[in-house]
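Per-entry structural report
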Amino acid sequence: MSAVAILVAAGRGERMGADRPKAFLDLGGQPLLLRAARAFDDAPSVQLVVAVVPEGEVEAARGLLSSLTTSVTVVSGGRRRQDSVLEGLKQVPDGFEGPVLVHDAARPLVDVRLIEDVTRAAEEDGAALPVLPVVDTIKRLREGRVVETLDREELGAAQTPQGFRFDLLVSAYEAAFRDRVTVTDEATAVERLGARVQVVPGSPLNRKITTPEDLAWAESLLPGAVRA
Ligand code: C5P
């Protein structure tokens, strides 16, 4: 079993309010991108890591990831997340037949078990993603008012890595770009083709770091963290 992992790290991370792109911010002595990349480096199924970073950060990212034992390719990303994923897809070797995993570098506490679960499910079913149960009651809102309460038993919060057969993901992306649709994850593009997407259990630790509070939360979980 061998997979290509695309780590999207080209967001500016404006909600962090920092002067560096989010993927380069420190979490317990390691930038988020390096932490995420190390998990994929440790995953037996991953043969190539493609890191997609902001323009002007390619050399910095190459240096950062030089200690990985898995092959690494670094390219610059685009304006939207899906533009960055597309740049990553261009680096997948011609004729590759294994699964492609797409992961947010902003989820640095991903673990090897989750990566392997998604890879296996994507190999078996063509498309897979990790999902967490939704614990809050979710409302549909319009103009500041509640219009509907959704049945949370039917809902799940999507995480990454999301895994797909390479040809399926390429077809889904071609269709999304052709139809000028903006997608916030890969599964949305694949669902539009009517393909079945398998679900594996997500991890509460695999939260996306979006705000300074998320970073503080992640820091509190690291070994040796001192609790106030
Ligand atoms: O903005 P958001 O938190 O949804 O981004 C999710 C992931 O997608 C992050 O790891 C971010 O770096 C990446 N991204 C990207 N290119 C963009 C926007 C976001 O690689 N243009």
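I will try to describe carefully the structure that is included in this document.

**Details of the overall build of the chain**
- The helix and strand tally for the chain stands at seven helices and 12 strands.
- For 228 residues, the compact-globule formula gives about 17 Å, and the C-alpha radius of gyration of the chain, at 17 Å, lands near that figure.
- Considered along the principal axes of its C-alpha atoms, the chain spans approximately 50 × 50 × 30 Å.
- The buried share of the chain, reckoned over its 228 residues, is 48%.
- Long-range contacts, defined here as pairs at least 24 residues apart, represent 71% of the contacts in the chain between residues at least 6 apart.
- Split by element, the accessible area of the chain, about 11600 Å² in all, is 48% carbon and sulfur.
- For the chain, the centre of its 27 positive side-chain charges and the centre of its 34 negative side-chain charges are spaced 5 Å apart.

**Some remarks on the pairing of strand 9 (residues 145-149)**
- Relative to strand 9, strand 8 (residues 139-142) is paired through four bridges, and the arrangement is antiparallel. Looking at strand 9, one finds that Arg-142 is bridged to Arg-145.
- Linking strand 8 to strand 9, which pair antiparallel, is a turn of two residues; within it Glu-143 sits at a positive phi near 50°.

**Brief notes about the site of the ligand**
- Around the ligand sit 15 residues, and of these Val-8, Ala-10, Gly-78, Arg-79 and Ser-84 come closest.
- Arg-80 places a polar main-chain atom, nitrogen or oxygen, 3.3 Å from a nitrogen atom of the ligand.
- In the environment of the ligand, an oxygen atom lies 2.9 Å from a nitrogen or oxygen atom belonging to the side chain of Lys-208.
- Burial of the ligand by the protein amounts to 84% of the accessible area it has alone, namely 460 Å².

**Quick notes on the nonpolar core**
- Residues Leu-7, Leu-33, Phe-40, Val-46, Val-53, Leu-65 and Ile-115 are the most contacted members of the largest nonpolar core, which totals 32 residues.
- Taken together, the elements giving at least two residues each to this core come down to strand 1 (3-8), helix 1 (32-42), strand 4 (46-53), helix 2 (58-64) and helix 4 (112-125).
- A per-element tally of this core places helix 1 first, with six residues.
- Setting aside its immediate chain neighbours within four residues, Leu-33 contacts Leu-7, Ala-9, Ala-23, Phe-24, Val-53, Ala-61, Leu-64, Leu-65 and Ala-105.

**Topic: the packing of helix 3 (residues 81-89) against helix 5 (residues 166-178)**
- Here helix 3 crosses helix 5 at 140°, and the two axes come no closer than 11 Å. Between helix 3 and helix 5, the interaxial angle falls into the category oblique. Every pair of crossing elements has a handedness; the one defined by helix 3 and helix 5 is left-handed. Here helix 3 contributes Gln-82, Asp-83, Val-85, Leu-86 and Leu-89 to the contact with helix 5, which in turn contributes Phe-166, Leu-169, Tyr-173 and Phe-177.

**Observations concerning the packing of aromatic side chains**
- Taken as a whole and assessed by the stated rule, the structure comprises two aromatic pairs.
- Geometrically, the ring pair formed by Phe-96 and Phe-166 is edge-to-face, given 6.3 Å between the ring centres and 65° between the ring planes. Residue Phe-96 is located in the loop between helix 3 and strand 6 (99-104), and its partner Phe-166 is located in helix 5; the two are separated by 70 residues in the primary sequence.
- Between Tyr-173 and Phe-177, the aromatic rings sit 5.9 Å apart at their centres with planes inclined by 40°, giving tilted as the arrangement. Placement of the pair is Tyr-173 and Phe-177 together in helix 5, with a separation of four residues, close to one helical turn.
- Over the aromatic face of Trp-217 sits the side chain of Arg-207, whose NZ or CZ is 3.9 Å from the ring centroid.

**Section: the pattern of salt bridges**
- Inspection of the entire model under this criterion finds 15 salt bridges.
- Across the pair Arg-20 and Glu-57 runs a salt bridge whose closest N-O atoms are separated by 3.0 Å. Separated by 37 residues along the polypeptide, Arg-20 in the loop between strand 1 and strand 2 (26-27) and Glu-57 in the loop between strand 4 and helix 2 bring together distant segments of the chain.
- Judged by relative accessible area, which is 34%, Arg-20 ranks as partly exposed.
- The exposure class of Glu-57 is buried, given its relative accessible area of 12%.
- Ionic pairing is found between Asp-125 and Arg-196, a salt bridge with its closest N-O pair at 3.1 Å. A residue pair is termed long-range when its members are at least 10 positions apart, and Asp-125 in helix 4 and Arg-196 in the loop between helix 6 (186-192) and strand 12 (198-201) qualify at 71 residues.
- Residue classification places Asp-125 among the partly exposed positions, given a relative accessible area of 28%.
- Linked through salt bridges whose partners overlap, the residues forming this network are Arg-81, Asp-104, Arg-107 and Glu-186.

The rules behind each value
- Residues numbered from 1 in each chain as written.
- Predicted model: local features only at pLDDT ≥ 70, side-chain atom pairs only at ≥ 80, totals over all residues.
- Heavy atoms only, no water.
- Helix = DSSP H or I, 4+ residues; strand = E, 2+ residues; numbered from the N terminus.
- Rg over C-alpha atoms; globule rule 2.2 N^0.38 Å.
- Buried < 20%, exposed > 50% of the residue type's maximum accessible area, 1.4 Å probe, protein only.
- Contact = heavy atoms within 4.5 Å.
- Areas by Shrake-Rupley, 256 points an atom, 1.4 Å probe, with all protein chains shown as cover.
- Lys, Arg positive; Asp, Glu negative; His and termini not counted.
- Charge placed at Lys NZ, Arg CZ, Asp CG, Glu CD.
- Pairing = 2+ DSSP bridges.
- Near = heavy atom within 4 Å.
- Polar contact = N/O pair within 3.5 Å; in protein donor to acceptor, adjacent residues only side chain to side chain.
- Core = buried A, V, L, I, M, F, W, Y, C linked by side-chain atoms within 4.5 Å.
- Axes fitted to C-alpha atoms, helices over the stretch in contact; angles between N-to-C directions.
- Parallel < 35°, antiparallel > 145°, perpendicular 65-115°, else oblique.
- Left-handed = near helix turned anticlockwise from the far one by under 90°.
- Phe/Tyr/Trp six-rings, centres within 6.5 Å; stacked < 30°, edge-to-face > 60°.
- Lys NZ or Arg CZ within 6 Å of the ring centre and 35° of its normal.
- Salt bridge = Lys/Arg side-chain N within 4 Å of Asp/Glu carboxyl O.

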